[in-house]
Amino acid sequence: MTQGVEPVDLLRLIGSAAHDYDSMDALEQVLLPADGLHPLAAQLVAPILAFAADPKTRLPDQLLMLVGELAAHPDGEPVRQALRAFTVTLRNLSDLDDHSVVEESTALLGWCGPDPRLSAVLLTRAREYADDYRRVTPLVAAAQLDPAAAAGWLPEFLDPSRSSTVRVAAVLAMREAGLAPTAQAGAALAAGWSADPDALRWTTRRGKLADLVEYAAGGDARRDADLLAAIARDGQAQARRDVAQTLADRAARQELPLESQALLCSFLDDPEERVRRCAYRAVVADDTLTRRQADWLADAVARGARMRRSALDALIRVGDPRWREHAEAALREGWTPPRLPGALADLPAPDESLRAAVLGRVVDLATTIDVNRSPKATAKEQRELVGLLRVLGDAPGPAVGVLARHLAQMTWPARLWVAEFLAEAGRGNPEVIEAIGAMANGEVIYLRLLWLAGGDDAPLRAAIAVAPRRDVLAAVAAAEVFGDADPDVAARLREIRDGDADLKDRFAAAGALWELTGDPAEAAATVREALDAPWLRTRQRARELADQLGPERA
């Protein structure tokens, strides 16, 4: 078996894929897995092409396209070698009336060289086509089949008298044929892409601007920058968008040279929105570019630009102090950047107006997070709420009474987080005790908070007494209330820790056991397991507990 599929089943799947799109998708997933190329890919070229050549096949172009993907794969050399045995089959397919089949089979012929005769046939075909876009594939394939001859006739297609599409295609042909770049190729690329950025976007043999510029520049950074600058200067909107994306991708890889930063940043003021958006995403994601354009970003926030939230977040990330001027407005108007709660928590002492804005935002979030939406959809709002509660926690003041009065109107899980905040920040406050008590409804999780806030412990004791023995919340609460006075508490926690409960519950029980007994051995094994838990918060808590247990235990 290979990739979980028997060879005989692969042949059946190829037969099904010849007539059915779903089977075609399944075949592609088998032959092009995420971790590489199927080990039998080269041997399967023969049956795939046999089905493609069968007149009864419904999807011959899709089969040919799949072979092209196998051949173009970084590990596809065996496939490319195998294709050379099927030149006749591909020639016959390239003579059919089906445009898609002709395009795909012609592209595959490019891997069947060297073959000067076939190259000449395809070159003639490229010259005869009236449609410039149809010339691209035979032109590139012809160059691949006979690079030495192509070096002599390709300059004809690079000439300024040719259409933009053909000039760009000729540059791609030079690259695919392995020819050295020339100044003429660079000029053809700059002029051709500026006028027709879609020259290779929808053709069978496609090419990205980034790859072609890298080829035409020949490793010369100055030439590379000049080519991109020329296209940015003369190109239509899509061409400028391609330049911006090329530079943005380099910035993401930390490969954007200093001389190209100004060009990328200049697109922030481009008349076309899609160009501005591309440049903006790159600027706010990169510290160097953010600092370079800090004035522009600060101005965007000040004028209320649509992307002010991410602009302010970028200023916070690089430590630009101007973020403080807009923090209160962001909170009051509901466009809080993700980093703002953490930045506020790091301030020595926010003024009263800013604290009031934080409190208002907390109330808004806690009472409006829609419980009917998925946790993933509300994750940003939940993280913001938790972060802002930390800001209030340093000096809660009037916030305690305000939050206590709104507790009953809050949604889950915001209600629990605010109740936890109140139990600590408002300990002994009658409003807090009354608010938590009113919503406890016999639930251990809230009765524990009522007790921590200074309320009566009798309801909590009663709830623990009737809770299932392996209820982790009840067991942990029992450890806090009864301590080691009741030997059954430790036994109850060990049952949970050593049982088949969820890792979160077992980890909570282990942590409570360590707190109860003071023996690191009670928690060490479960903590080590929790360090690899699939939940981020569990891993964070496990790391915190491991640090407390000491390296010899964790």
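Heads up: these notes are all about the structure in this document. None of these values were measured; they are calculated from a predicted model. (Residues numbered from 1 in each chain as written. Predicted model: local features only at pLDDT ≥ 70, side-chain atom pairs only at ≥ 80, totals over all residues. Heavy atoms only, no water.)

1. Observations regarding helix H19 (residues 294–302)
Part 1 of the argument: What H19 keeps buried is the set Ala294, Trp296, Leu297, Ala298, Ala300 and Val301.
Part 2 of the argument: Looking at the packing, one finds that the buried side of H19 touches helix H17 (273–285), helix H18 (287–292), helix H20 (308–317) and helix H21 (324–333).
Part 3 of the argument: Trailing H19 by a residue or two, Gly304 shows a phi angle of about 75°, which is positive. (Buried < 20%, exposed > 50% of the residue type's maximum accessible area, 1.4 Å probe, protein only. Helix = DSSP H or I, 4+ residues; strand = E, 2+ residues; numbered from the N terminus. Contact = heavy atoms within 4.5 Å.)

2. Digging into unusual backbone geometry
Part 1 of the argument: Backbone torsion omega between Gly113 and Pro114 reads 0°, so that peptide bond is classified as cis.
Part 2 of the argument: With respect to the helices, strands and loops of the structure, Pro114 is situated in the loop between helix H7 (99–109) and helix H8 (116–128).
Part 3 of the argument: Omega for the peptide link from Trp412 to Pro413 comes to 5°, which places this bond in the cis form.
Part 4 of the argument: Considering the arrangement of structural elements, one finds Pro413 in the loop between helix H25 (399–406) and helix H26 (414–425).
Part 5 of the argument: Not every positive phi belongs to a glycine, and Gln254 is a case in point at roughly 60°.
Part 6 of the argument: Within the secondary structure, Gln254 is located in the loop between helix H15 (237–252) and helix H16 (258–266).
Part 7 of the argument: A positive phi is found at Asn441, a non-glycine position, where the angle reads about 55°.
Part 8 of the argument: As for its position among the elements, Asn441 is in the loop between helix H27 (430–440) and helix H28 (444–452).

3. Regarding the packing of H7 against helix H9 (residues 132–145)
Part 1 of the argument: The interhelical angle for the contact between H7 and H9, taken along N-to-C directions, is 20°, at an axis separation of 8 Å. Classified by the angle their axes make, H7 and H9 are roughly parallel. Note that H7 runs across H9; the crossing there is left-handed. Across the interface between the two elements, His99, Val102, Glu103, Thr106, Ala107 and Leu109 of H7 pack against Arg134, Thr137, Pro138, Ala141 and Leu145 of H9. (Axes fitted to C-alpha atoms, helices over the stretch in contact; angles between N-to-C directions. Parallel < 35°, antiparallel > 145°, perpendicular 65-115°, else oblique. Left-handed = near helix turned anticlockwise from the far one by under 90°.)

4. Comments concerning the packing of H21 against helix H23 (residues 352–368)
Part 1 of the argument: Contact geometry of H21 with H23 gives a least axis separation of 8 Å together with a crossing angle of 25°. Compared by their axis directions, H21 and H23 come out roughly parallel. Here H21 runs over H23; the crossing is left-handed. Residues Ala327, Glu328, Leu331 and Arg332 of H21 form the contact with H23, whose participating residues are Ser353, Leu354, Ala356, Ala357, Val358 and Arg361.
Part 2 of the argument: Looking at the contact of H21 with H23, its residues break down into 6 nonpolar, 1 polar and 3 charged. (Nonpolar A, V, L, I, M, F, W, Y, C, P; charged D, E, K, R; others polar.)

5. Focus: the packing of aromatic side chains
Part 1 of the argument: Counted by the stated rule, this structure contains 2 aromatic pairs.
Part 2 of the argument: Judged by centre distance (6.0 Å) and plane angle (85°), the rings of Trp153 and Phe157 are edge-to-face. Separated by 4 residues within a single helix, Trp153 and Phe157 lie in helix H10 (residues 147–158), roughly one turn from each other. Pair check on accessibility: Trp153 and Phe157 agree, each one buried.
Part 3 of the argument: For the pair Tyr280 and Trp296, a centre-to-centre distance of 6.3 Å together with 50° between the ring planes defines the contact as tilted. Within this pair, whereas Tyr280 is found in helix H17, its partner Trp296 is found in helix H19, the two being separated by 16 residues in sequence.
Part 4 of the argument: Residue Trp296 is classed as buried on the basis of its relative accessible area of 17%.
Part 5 of the argument: Sitting over the ring of Trp296, Arg303 keeps its end group 5.6 Å from the ring centre. (Phe/Tyr/Trp six-rings, centres within 6.5 Å; stacked < 30°, edge-to-face > 60°. Lys NZ or Arg CZ within 6 Å of the ring centre and 35° of its normal.)

6. Let's talk about the nonpolar core
Part 1 of the argument: Grouped together as the largest cluster of nonpolar side chains are 175 residues, with contacts concentrated most on Leu344 and Leu403.
Part 2 of the argument: With 9 residues, the top contributor of residues to this core is helix H11 (residues 164–177). (Core = buried A, V, L, I, M, F, W, Y, C linked by side-chain atoms within 4.5 Å.)

7. Observations regarding the layout of surface pockets
Part 1 of the argument: What the second largest pocket holds in volume is close to 730 Å³.
Part 2 of the argument: In this structure, the second largest pocket is lined by 28 residues; those nearest its centre are Glu104, Thr203, Thr204, Arg205 and Arg206.
Part 3 of the argument: Secondary-structure elements contributing two or more residues to the lining of the second largest pocket are helix H4 (60–72), H7, H9, H11 and helix H13 (209–217).
Part 4 of the argument: Here the lining of the second largest pocket gets 6 residues from one element, more than from any other, and that element is H7.
Part 5 of the argument: Residues of the lining of the second largest pocket, tallied by class, amount to 9 nonpolar, 6 polar and 13 charged. (1 Å grid on protein atoms, 1.4 Å probe; cavity = no way out; pocket = protein on both sides within 12 Å on 5 of 7 lines; lining within 4 Å. Points joined across faces, edges and corners; volume = space filled by probe spheres on them.)

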